[in-house]
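Examination of the molecular architecture
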Amino acid sequence: MTSETGIVGYGAYVPSYRIKAEEIARVWGEEPDRIIKGLGVMEKSVPGLDEDAATLAVEASRNALAVADIEPSRLGAVYVGSESHPYAVKPTATMVAEAIGSTPDVMAADLEFACKAGTAAIQIGMGLVASHMAEYSLAVGTDTSQGRPGDALEYTAGAGAAAFIIGRQKEQILAKLEATYSFTTDTPDFWRRQHAEFPTHGGRFTGEPAYFRHVMGATQGLFEKTGMEANDFDYFVFHQPNGKFPLEVAKKMGLDVEKVKPGLMTPIIGNTYSAASPIGLCAVLDIAKPGQRILLTSFGSGAGSDSFAMEVTDNLVEARERAPHKLAWYVGRKNYLDYGLYVKHRRKLKSL
Amino acid sequence: MAENIAITWRRIPERYRLAGTQCTTCKTKFFPPRKICSTCRRKGKIESFQFSGKGEIYSFSGVHSAPAGLELEIPYVLAIVQLVEGPKVTAQIVDCTENMVKFKDKVEFVFRKIRSDDPEGLIHYGYKFRLVK
């Protein structure tokens, strides 16, 4: 599918709190160096006590609106992807739409597809905007994900959000969305049952048959569909459940690892789930030059990957300076927590 | 204590995005929104007004003994923020400790959880402020 849609605004948000992998390892008697080397994660972001997927989404969306420089009432759709929506029933999207001032003349819904609901929202936006059902569509990936105490996920499950406004006015497009391709199967690698507090995963099964098969399948599919090849791209952003998997994808597919690193944020903020590859895209958009091409491939357990080819336009350089705060600002501010305070922040004790 | 749903709902525009009002006769801005201008009275004309969310610390205090529902957040900073458009609002200052705040410090508005009617009630969201540094 080719379309004439593009990203006209984007924004990110990462909470200010961090916990080091070393500190988590200390509590569970693990060897810190082994964990840090094994997962490629130094520290991860932790939400404040008054933050959740909705508040993260609102701030990322406000940044995106400022970059797009459009009235919020012109958004025709708001789709919010997350696996940690604050309510089981009651949409996050209505709260976001209300907080940014897009209501009531707007379509809205929540999405859930493990870590790829944010990119699914981008695809929906492309469809709505290309078909003129909406002038602009907001796509948000946001999560404050949980890892079971003592589980490997506890070292990586972070918090963050990224928002993208899709539009079709040529003079507003910052990155042309040239093509998208999805690779989807029923693969039970990771899940969380209704009412369960923590997710369950298939351990090593989450690698080959899940992450690698789908990420590489979608990326290869995009190449075949568009006739593009690895050399056509200046940046690759892959879903990043840890700091190592995206680099392994590059090795397996023979891609230049240096093109992956600029969009690799997990080593310093953790895996932000629905926001993980979208935040990686924000990091790249903050430095990309006009004419450069970016490939984005998300991954959501369950399982599926969405791959996108986009080309940066001349408009990006000026537009990105309109962001009240860029990703680097959020990543740079750090309030470190020890494990005790972390437990309080994530309300992991039954009595909290 | 759970707040009445209708009261929460009615205040969503002001709490979520600092939607206020202004009197077009005397240009006074109101937050929380007022329906009648206290100066112009019946000669005043009220219309909606969107605050920018920018302001400065007018006064502040560290809270060490929290009201019900906010126990986990202590110690936190509660401040009177003077908005650049004029009105003063009382709100929490997030992501900081008392010793980081000074009078006249610049702040910006953020959207956060205010309170949660646990365990199955409504989650209340609204404005707080963050130091701009």
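To keep things clear, this report deals only with the structure shown in the data block. Because the structure is predicted, anything quoted here is derived from the model rather than measured.

Within chain A, the secondary structure is distributed over 12 helices and 14 strands. Looking at chain A as a whole, 62% of its 352 residues qualify as buried. Contacts spanning at least 24 positions in sequence make up 80% of the contacts within chain A whose residues lie at least 6 apart. Accessible surface, chain A as shown: approximately 13,100 Å² in total, 52% of it carbon and sulfur. Distance from the positive charge centre (36 side chains) to the negative charge centre (42 side chains) of chain A: 4 Å.

All names here are of chain B. On the basis of which strands lie adjacent, the open sheet formed by three strands has the order β2-β1-β3 and antiparallel pairing. At either margin of the open sheet sits one strand with a lone partner, and together these are β2 (29–30) and β3 (46–50). For strand β1 (residues 19–23) and β3, the ladder comprises five bridges, and the chain directions are antiparallel. Note on β3: the bridge partner recorded for Thr-21 is Ser-48.

Let us now look at the interface of chain A and chain B. Counting from both sides, the interface comprises 28 residues of chain A and, opposite them, 22 residues of chain B. Each partner contributes to the roughly 2,100 Å² buried at the junction of chain A and chain B, and carbon and sulfur atoms together form 50% of this total. Together, Asp-50, Tyr-87 and Glu-98 of chain A form the three largest contributors to the area buried by chain A at its contact with chain B, with a combined 26%. Summed over the shared surface of chain A and chain B, the number is six salt bridges. Across the salt bridge formed by Glu-51 of chain A and Arg-112 of chain B, the nearest N and O atoms sit 3.3 Å from each other. Put simply, the parts of the chain that give the side of chain A that touches chain B at least two residues each are α3 (53–68), α4 (92–100) and α11 (327–332) of chain A. For the side of chain A that touches chain B, the leading source of residues is α3 of chain A, giving five residues. Its residues placed into classes, the side of chain A that touches chain B shows 12 nonpolar, six polar and 10 charged.

Before going further, it helps to examine the pairing of strand β5 (residues 107–111) of chain A. Successive side chains on a regular strand alternate, one facing one side of the sheet and the next facing the other. In this structure, strand β4 (residues 75–81) of chain A lies alongside β5 of chain A, joined through five bridges in parallel fashion. Across the sheet, the residue bridging to Ala-77 of chain A is Met-107 of chain A, located in β5 of chain A.

All names here are of chain B. Of the strand pairs in this sheet, strand β4 (residues 54–63) and strand β7 (residues 106–116) are connected by three bridges, and their pairing is antiparallel. Among the inter-strand pairings, Gly-55 is bridged to a residue of β7, identified as Val-107. Sheet topology places β4 next to strand β5 (residues 76–83); eight bridges connect them, and they run antiparallel. Its bridge partner being in β5, Val-63 is matched across the sheet by Tyr-76.

Glancing now at the environment of Ile-80 of chain B. The topology assignment puts Ile-80 of chain B in strand β5. Apart from the residues within four sequence positions on either side, Ile-80 of chain B is in contact with Glu-56, Ile-57, Tyr-58, Ser-59, Lys-88, Val-89 and Thr-90 of chain B.

Next up on the list: α4 of chain A. One turn of the α-helix equals 3.6 residues, which is why residues spaced by three or four share an orientation. All names here are of chain A. In terms of burial, α4 is a largely internal element, seven of the nine residues being buried. Taken together, the buried positions of α4 are Thr-92, Ala-93, Met-95, Val-96, Ala-97, Ala-99 and Ile-100. Phi turns positive, to about 85°, at Gly-101, one or two residues after α4.

Turning to the nonpolar core, a few remarks are in order. Residues and elements named next belong to chain A. One finds Phe-164, Ile-165 and Ile-294 to be the most contacted residues of the largest nonpolar core, which totals 80 residues. The greatest single-element share of this core, amounting to nine residues, is contributed by α3. Both domains that furnish three or more residues to this core are identified here as domain 1 (6–173 + 317–345) and domain 2 (176–315). With residues up to four places along the chain from it excluded, the contact list for Phe-164 reads Ile-7, Gly-9, Tyr-10, Ile-122, Ser-137, Leu-138, Ala-139, Pro-278, Leu-281, Cys-282 and Leu-285. Core analysis: the next-biggest nonpolar cluster, separate from the first, contains 23 residues, Phe-223, Leu-247, Ala-250 and Leu-295 among them.

Its place among the elements puts Tyr-17 of chain A in strand β2 (residues 17–20). The buried category is assigned to Tyr-17 of chain A, whose relative accessible area is 15%. It is 38 Å that separates the C-alpha atoms of Tyr-17 of chain A and Glu-171 of chain A, two residues lying 154 residues apart in sequence. Excluding anything up to four places from it in sequence, Tyr-17 of chain A contacts Lys-44, Ser-45, Val-46, Pro-47, Gly-48, Asn-335, Leu-337 and His-345 of chain A together with Asp-95 of chain B.

How each quantity is defined
Residues numbered from 1 in each chain as written. Chains lettered and ligands numbered in written order. Predicted model: local features only at pLDDT ≥ 70, side-chain atom pairs only at ≥ 80, totals over all residues. Heavy atoms only, no water. Helix = DSSP H or I, 4+ residues; strand = E, 2+ residues; numbered from the N terminus. Buried < 20%, exposed > 50% of the residue type's maximum accessible area, 1.4 Å probe, protein only. Contact = heavy atoms within 4.5 Å. Areas by Shrake-Rupley, 256 points an atom, 1.4 Å probe, with all protein chains shown as cover. Lys, Arg positive; Asp, Glu negative; His and termini not counted. Charge placed at Lys NZ, Arg CZ, Asp CG, Glu CD. Pairing = 2+ DSSP bridges. Buried area = accessible area lost by both parts, 1.4 Å probe. Salt bridge = Lys/Arg side-chain N within 4 Å of Asp/Glu carboxyl O. Nonpolar A, V, L, I, M, F, W, Y, C, P; charged D, E, K, R; others polar. Core = buried A, V, L, I, M, F, W, Y, C linked by side-chain atoms within 4.5 Å. Domains from an automatic or database assignment.

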